[in-house]
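Below, each chain spelled out in residue letters.
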Amino acid sequence: MSERTAVSFQQTLDRNIFFKKTKDLKFSTQSAPGWKLFGKVPPRENLQKDSRTIQQEDSSGSLRSVSTPNLLNAGEYEARTGRICKPQAQSSRRKNLEFEPLSTTALILEDRPANLPAKSAEEAQRHRQEYDEMVAEAKKREMKEALKRKKIMKERFKQEENIANAMIIWNTEVLPNWETMRHTRKVRDLWWLGLPPSVRGKVWSLAIGNELNITHELYEIFLSRAKEQWKSLSETVSENDTEDSGASISDREASLELIKLDISRTFPSLFIFQKGGPYHDLLHSVLGAYTCYRPDVGYVQGMSFIAAVLILNLEEADAFIAFANLLNKPCQMAFFRVDHSMMLKYFAAFEVFFEENLPKLYSHFKSYGLTPDIYLIEWIFTLYSKSLPLDLACRVWDVFCRDGEEFLFRTALGILRLYEDVLLQMDFIHIAQFLTKLPEDITPEKLFNCIAAVQMHNSNKKWTQVSSMSCRCDEPQISSTKLNEC
């Protein structure tokens, strides 16, 4: 590998993949600290209000009106008020308000004050027509919103029913016969639709496996070592006795500080991993134990998101076992251990399928010199848990556990396919910004339809065959700015 490539790699991986946030996290008291798991959002209070206009007289006798979509048309308005809205002679105009209008919109039917000219017959008729049009439009909007709410509720009920049925199949048919059922067509199709939350952790654990043979007791041992190191480091730093231990203490201190910093920036909207949250200490323990278990790897930014997702679906020790085994997979190990040659192979293989599936967008990216590392590094390092909504990220994890590393790159192509038309209109800077922070309204159905359309075959070669090949000689250097801009 050339000196230029090595320097470029080092610059890339020196970069912080997190957005810079120098200010302390401020907890909002305005919104509920929703977990936002699996698409659920905490219900708001007092959403339903009286559909009719609320009109009251305050202590000073002034009138208050609140408009509502449930408006009366002109005929209903006249029937309710007991009067006909027609122009009155100047001499007969009332000087005081004799009744209260049923909405602010209905004020258009009222006579003008006594100090203003009276309405003509033509003007009164025009106002009546305008009022009827406003009422019709309001009712049309109300009907449209009601149909939309009904559709959403129907889809939600259907989704919940599908989850309940799938949960029964997983618990009664699949899990008891895991080894014989996991590779069947029925289970693979069911897997693609997403795992029920109640069995997700169990299926992930089985799919990831435990090739490292880690036990709960072994986790407790490394957790104890981590706690001892934290205590020892604290005492050593307080005594300013770092001269003899040299870089060792410095590295450990930096690693612990990095863990502490990253935990505070892990799913901040959930408010459960930050200091004082219910999972703060648990996440800190899992990451600390791993740094003792794999000192050759240590802690790398992005690990906190992976560990957090596992903690949300598994018990502490089981989350550690899955975490350690997951990071031991070839793709994750290549990235977290900064294996330059392997990373280049993955990027080169990705571009082969990128050009095969999306030739127009591929050429557009090439014209701007936009290389895969600019967006793939963050996606792979966090397994999409930072880039996608959490419920959607879990869906990606579901199939990733089924198909392995290939699905990570297939998901990347699915995202590019989903936003191809938008990306073709952007330049380098806007593409990089867009892919770094994807739209929040991305839905599982749209994304997975695009992923399904991606073909992971090139000249009769599958992903594993292409990725195992040497880097292409024209492979561009990894951008040195990717990790420093976030």
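Since this is a predicted model, take the numbers as computed values, not measurements. (Residues numbered from 1 in each chain as written. Predicted model: local features only at pLDDT ≥ 70, side-chain atom pairs only at ≥ 80, totals over all residues. Heavy atoms only, no water.)

Participant: Tell me about the overall build of the protein, residues and numbers included.
Facilitator: When helices and strands are counted, the protein shows 22 helices and 4 strands. Every one of the 486 residues in the protein was classed for burial, and the buried ones make up 44%. For the protein, long-range pairs separated by at least 24 residues make up 74% of all intrachain contacts whose partners lie at least 6 apart in sequence. Carbon and sulfur atoms make up 50% of the accessible area of the protein, which amounts to about 27000 Å² in all. (Helix = DSSP H or I, 4+ residues; strand = E, 2+ residues; numbered from the N terminus. Buried < 20%, exposed > 50% of the residue type's maximum accessible area, 1.4 Å probe, protein only. Contact = heavy atoms within 4.5 Å. Areas by Shrake-Rupley, 256 points an atom, 1.4 Å probe, with all protein chains shown as cover.)

Participant: Tell me about the packing of aromatic side chains, residues and numbers included.
Facilitator: This structure, assessed with the given rule, holds 31 aromatic pairs. Centroid distance F335 to F381: 5.9 Å. Interplanar angle 85°. Geometry classified as edge-to-face. Pair noted here: F335 is in helix α12 (residues 330–336) and F381 is in helix α15 (residues 373–381), with a separation of 46 residues, a long-range link. Using a relative accessible area of 1% as the deciding quantity, one classes F335 as buried. Accessibility expressed as a relative area gives 4% for F381, which makes it buried. The interplanar angle of 75° and the centroid separation of 5.0 Å between the aromatic rings of Y419 and F434 together place this pair among those described as edge-to-face. Of this pair, Y419 sits in the loop between α17 (405–418) and α18 (420–423) while F434 sits in helix α19 (residues 428–436), placing them 15 residues apart in sequence. Among the residues examined, Y419 registers a relative accessible area of 11% and is labelled buried. The class for F434 is buried, based on a relative accessible area of 15%. In this arrangement the basic side chain of R395 is found over the ring face of F448, its NZ or CZ atom lying 4.2 Å from the centre. (Phe/Tyr/Trp six-rings, centres within 6.5 Å; stacked < 30°, edge-to-face > 60°. Lys NZ or Arg CZ within 6 Å of the ring centre and 35° of its normal.)

Participant: Mind laying out the environment of T464, listing which residues take part and the relevant values?
Facilitator: Inspection of the secondary structure puts T464 in helix α21 (residues 463–467). In the structure, T464 is positioned 115 residues away from A349 in sequence and 9.1 Å away in space, judged by C-alpha atoms.

Participant: So what about the nonpolar core? Which residues, and what values?
Facilitator: Nonpolar side chains tend toward joint burial in soluble globular proteins. By size, the foremost hydrophobic cluster in this structure holds 117 residues, and its most contacted members are W170, Y375 and L416. Ignoring any residue separated from it by four or fewer positions in sequence, one finds L416 in contact with F350, F354, L358, L361, F365, Y375, L423 and L435. (Core = buried A, V, L, I, M, F, W, Y, C linked by side-chain atoms within 4.5 Å.)

Participant: Before we move on, could you go through the packing of helix α13 (residues 340–357) against α17 and cite the residues and values that matter?
Facilitator: Here α13 crosses α17 at 45°, and the two axes come no closer than 11 Å. Taken together, the axes of α13 and α17 are oblique relative to one another. Where α13 crosses over α17, the handedness of that crossing is right-handed. When α13 is examined against α17, the residues Y346, F350, F353, F354 and N357 are found in contact with a partner set consisting of E405, F409, A412, L413, L416 and R417. Looking at the contact of α13 with α17 residue by residue, the classes come out as 8 nonpolar, 1 polar and 2 charged. (Axes fitted to C-alpha atoms, helices over the stretch in contact; angles between N-to-C directions. Parallel < 35°, antiparallel > 145°, perpendicular 65-115°, else oblique. Left-handed = near helix turned anticlockwise from the far one by under 90°. Nonpolar A, V, L, I, M, F, W, Y, C, P; charged D, E, K, R; others polar.)

Participant: Tell me what's going on with helix α5 (residues 185–192), and back it up with residues and numbers.
Facilitator: Along α5, the residues that are buried comprise V187, L190, W191 and W192. Those residues of α5 hidden inside the fold are in contact with α3 (121–174), α4 (178–181), α6 (197–208), α16 (390–403), α17 and α20 (444–452). In the segment just after α5, G194 is the residue with positive phi, at about 105°.

Participant: Help me get a handle on the pattern of salt bridges, residues and values and all.
Facilitator: Counted under the stated rule, the structure contains 12 salt bridges. Two residues, R126 and E130, come together in a salt bridge whose shortest N-O distance is 3.9 Å. Of this pair, R126 and E130 both sit in helix α3, 4 residues apart, which is roughly one turn of that helix. Here D403 ties to R188 by a salt bridge, and the two come within 3.2 Å at their closest N and O atoms. (Salt bridge = Lys/Arg side-chain N within 4 Å of Asp/Glu carboxyl O.)

Participant: Break down unusual backbone geometry for me, citing the residues and quoting the values.
Facilitator: Not every positive phi belongs to a glycine, and F267 is a case in point at roughly 45°. By secondary structure assignment, the location of F267 is in the loop between α8 (247–264) and α9 (280–293). In this structure, V338 takes a positive phi of about 55° despite not being glycine. By the secondary structure assignment, V338 is in the loop between α12 and α13.

Participant: Mind laying out the side chain of R200, listing which residues take part and the relevant values?
Facilitator: Mapped onto the fold, R200 is located in helix α6. Of the polar contacts made by the side chain of R200, one reaches the side chain of D398; its length is 2.8 Å. (Polar contact = N/O pair within 3.5 Å; in protein donor to acceptor, adjacent residues only side chain to side chain.)

Participant: Give me the confidence of the model for the protein: which residues, what numbers.
Facilitator: Here the protein averages 78 in pLDDT, and 70% of its residues register 70 or above. Overall, residues 16–70 carries pLDDT values under 50, and its contacts beyond four positions in sequence, including any with other chains, amount to 88 contacts. (pLDDT = per-residue confidence, 0-100.)

Participant: Tell me about the environment of G298, residues and numbers included.
Facilitator: By the element assignment, G298 lies in the loop between α9 and α10 (303–313). With 11 residues separating them in the primary sequence, G298 and L287 have C-alpha atoms 9.2 Å apart. Every residue in contact with G298, bar those within four places of it in the chain, is listed here: Y290, T291 and M303.

Participant: An account of helix α11 (residues 316–327) is requested, with residue identities and associated values reported.
Facilitator: Quick reminder: α-helices carry 3.6 residues per turn. Residues three or four places apart thus point the same way. Helix length check: α11, at 12 residues, gives a terminal C-alpha distance of 16 Å against a target of 16 Å (1.5 Å per residue), a fit within 8%. Buried residues dominate α11, accounting for 10 of its 12 residues. (Expected span 1.5 Å × (residues − 1).)

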